[in-house]
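Given next are the chains, with one letter for each unit.
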Amino acid sequence: MSKRLGKETVSGTPAKQSKHWSIGLLESMRDPECIVKQTKKIVVIRDKYPKAKIHYLMLPHENISSIHKLNSTHIDLLKEFNKIYEEIKIENEDHSLKAGFHAVPSMQRLHMHIISKDMVSPCLKTKMHWNSFTTDFFINYEDILKELKETGSIKKISPDLHKKLLATPLQCNQCSFKPKNMPDLKDHLMSHMNV
Ligand code: AMP
Ligand code: ZN
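Let me sum up the structure you'll find in this document.

Cut-off values and rules
- Throughout, a residue's number is its position along its own chain's written sequence, starting from 1.
- Each chain takes a letter, starting from A, and each ligand takes a number, starting from 1, following the order in which they are written.
- The predicted nature of this model means local features are confined to residues of pLDDT at least 70 and side-chain atom pairs, given and counted, to a pLDDT of 80 or more, with totals for whole chains, interfaces and linings taken over all residues.
- Working from all heavy atoms in the structure, the side-chain values ignore hydrogens and water.
- Think of it in three bands: residues with accessible area under 20% of the maximum for their type are buried, residues over 50% are exposed, and the middle band is partly exposed, with areas taken using a 1.4 Å probe on protein chains only.
- Going along the chain from the N terminus, every DSSP run of H or I of four or more residues is numbered as a helix, and every run of E of two or more is numbered as a strand.
- Strand pairing requires that DSSP identify at least two bridges connecting the strands.
- By definition, the arc is the one covered by directions from the helix axis to the C-beta atoms.
- By definition in these notes, contact holds between two residues if any of their heavy atoms fall within 4.5 Å.

**Section: the pairing of strand β3 (residues 55-60)**
Along any regular strand, the residues point their side chains to alternate faces of the sheet.
Part 1 of the argument: For β3, the tally of buried residues reaches six of six residues, placing the bulk of the element in the interior.
Part 2 of the argument: On β3, burial covers both faces: His55, Leu57 and Leu59 on one face and Tyr56, Met58 and Pro60 on the other are all buried.
Part 3 of the argument: In this structure, strand β2 (residues 42-46) lies alongside β3, joined through five bridges in antiparallel fashion. Its bridge partner being in β3, Val44 is matched across the sheet by Met58.

Written out as structure tokens, the structure reads:
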């Protein structure tokens, strides 16, 4: 798991918590209030600090700590991830969704983000939050499945690339606009809500 970068990780989890912040997902996946749907193999929960109108996390019941612990025996599990993701897309047809994993996850238990394109949310605060969903720091589901099928594991990115991706200059994810700062970006994102 990644170390905290400054005051918070890309997860946006507040610093003060009674239990270690990185196990918060394990608690949420057992809390009926947080659960959106589940099967024998997986559970889908609402992200506690959503970075868009729709932001869910899909986790396996199996104790797999991160993408870096995946191997070829998990291909069927990942196919189940996609099956449930397809159901979620149908249930949320008014939103444009994408599914993928952070290259360097902060929280324990493998989790796939399902997030809508709007990125309109009070919890979206920092450039690090933005870049973790809009640069190659966000690895699409299809690319994870492909790498797993081809190599039997998911390679770690270098610390240099990690830093570079999260420091990428701001760029709108829906047009060519380059915002000056986060408030500028958040105002601009609202203009895409009316179309
Ligand atoms: P990451 O590990 O960087 O892929 O992201 C972890 C995600 O978990 C972030 O989107 C957080 O907003 C979210 N999160 C943090 N704590 C909790 C929690 N206790 N329950 C549900 N979601 C959480
Ligand atoms: Zn735009």
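**What to know about helix α5 (residues 159-166)**
Part 1 of the argument: Among all positions in α5, only His162, Leu165 and Leu166 are buried. End-on view of α5: buried residues confined to an arc of 90°, all on one side of the axis. Summarising the geometry of α5, the exposed residues directed more than 90 degrees from the buried face are Asp160, Lys163 and Lys164.
Part 2 of the argument: On its buried face, α5 is in contact with α3 (127-134).

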